[in-house]
Amino acid sequence: SVIGKQVKAIRRQGRMPAVLYGAGTEPLSIELETRAASKILDRASGSTLLQLQLEGQEHMVLVREIQRDVIRRNVMHVDFLKVAMDVRITAEVPIELVGRAPAVEELGGVLVTGINTIEVEALPADLRDRVTVDLGSLVKIDDSITAGDLFLGEGVELLTDPAELVARVIYQAEEVLEEVVEPEVVPVAAEPELVERGKREEELPEGEEPES
């Protein structure tokens, strides 16, 4: 029931506006205790299953959108999607790169990264907070990891193109400086025949044409 300028007032009181919607419920505006909620939301991803306790009832939810202050980056508003535990849903799962690539450490390669999230379909209970990728498998130059190489667990279907690049080691580009060579300018003498002919033309009486 709090709208407009009243929203600023509840934020000053240490509460955060939020919305709950989804399976079996009408969209409902709620308030959260800002400090406690922020600690959880800062660690949660779009695939983190959370338990929301509201008026004596428990709702299993996913975070669908978080609005943050542009400067301070503190949470201003959050949308929760209520899920049915027996219905498969789609979600974005973040990718976390860990470890070091031997091809970088030992061969001087350069690590190139690609996508940092994947889209999956699964039951809510089968979703993972994040997918951890060990870079230790990149032992040679041109070794790569794609979305299809990721271990997602039982019951989780990858919706992202399996060929999408996650990480790859390439050769370090060598900077080649090429000497710029200025084209040689060769002076060209005036053509003698043309000069001589021009001179004869000047000596002819007025009205006479020069011989071919």
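Anything mentioned here points back to the structure above.
The following paragraphs examine the structure supplied in this document. Only a predicted model underlies this, so the values are computations on that prediction, with no experimental measurement involved.

## Let's talk about the overall build of the protein chain
Helix and strand counts for the protein chain come out as four helices and twelve strands. Per-residue burial over the protein chain gives 28% buried out of 212 residues. Within the protein chain, contacts between residues at least 6 apart in sequence are counted, and of these 62% link residues at least 24 apart. Accessible surface, the protein chain as shown: approximately 15200 Å² in total, 49% of it carbon and sulfur.

## With respect to empty space enclosed by the protein
Scanning the entire structure with this criterion turns up one cavity of 30 Å³ or more. A volume near 30 Å³ is recorded for the largest cavity. Taken together, Val-93, Val-120, Arg-128, Val-131, Leu-152 and Val-156 make up the full set of residues lining the largest cavity.

## Topic: the sheet that holds strand S4 (residues 57–68)
Picture the strands of a sheet paired through backbone hydrogen bonds; they go either parallel or antiparallel. If you walk across this open sheet you meet the five strands as S2-S1-S5-S4-S3, and the pairing is mixed. In this open sheet, the two strands that pair with only one neighbour each are strand S2 (25–33) and strand S3 (50–54). With strand direction ignored, the average angle separating the axes of adjacent strands in the sheet is 40°. Pairing of strand S1 (residues 15–22) with S2 involves seven bridges; the strand directions are antiparallel. Pairing of Ala-18 across the sheet is with Ile-30, part of S2. Relative to S2, helix H2 (residues 34–41) is tilted by about 110°, and along the sheet it contacts S1, S2, S3, S4 and strand S5 (75–82).

## Some points on the nonpolar core
Counting 26 residues, the largest nonpolar core has Ile-118 and Leu-150 as its most contacted members. At four residues, strand S6 (residues 89–98) tops the list of elements feeding residues into this core. Excluding residues that lie within four positions of it along the chain, Leu-150 makes contacts with Ile-95, Ile-118, Val-131, Val-133, Ile-145 and Val-166. Judged by nonpolar contacts, the second largest core, of 15 residues, contains Ile-30, Ala-37, Val-61 and Val-75.

## Structural notes on the sheet that holds strand S7 (residues 110–113)
What the three strands build is an open sheet, ordered S7-S12-S10; its pairing is antiparallel. Every other strand in the sheet has two partners, leaving S7 and strand S10 (144–146) as the edge strands with one partner each. Going across the sheet, the axis of each strand differs from the next one's by a mean of 15°, ignoring polarity. Both S10 and strand S12 (residues 165–170) contribute to a ladder of three bridges, which runs antiparallel. In the strand pairing of S12, Ser-144 is matched with Arg-168.

## A few points about the environment of Glu-65
Looking at where Glu-65 falls in the secondary structure, it is placed in strand S4. Judged by its relative accessible area of 40%, Glu-65 is partly exposed. Residues Glu-65 and Ala-18, spaced 47 residues apart in sequence, show a C-alpha to C-alpha distance of 10.0 Å. Residues in contact with Glu-65, not counting those within four places in the same chain, are His-77, Val-78 and Asp-79.

About the criteria used
Residues numbered from 1 in each chain as written. Predicted model: local features only at pLDDT ≥ 70, side-chain atom pairs only at ≥ 80, totals over all residues. Heavy atoms only, no water. Helix = DSSP H or I, 4+ residues; strand = E, 2+ residues; numbered from the N terminus. Buried < 20%, exposed > 50% of the residue type's maximum accessible area, 1.4 Å probe, protein only. Contact = heavy atoms within 4.5 Å. Areas by Shrake-Rupley, 256 points an atom, 1.4 Å probe, with all protein chains shown as cover. 1 Å grid on protein atoms, 1.4 Å probe; cavity = no way out; pocket = protein on both sides within 12 Å on 5 of 7 lines; lining within 4 Å. Points joined across faces, edges and corners; volume = space filled by probe spheres on them. Pairing = 2+ DSSP bridges. Axes fitted to C-alpha atoms, helices over the stretch in contact; angles between N-to-C directions. Core = buried A, V, L, I, M, F, W, Y, C linked by side-chain atoms within 4.5 Å.

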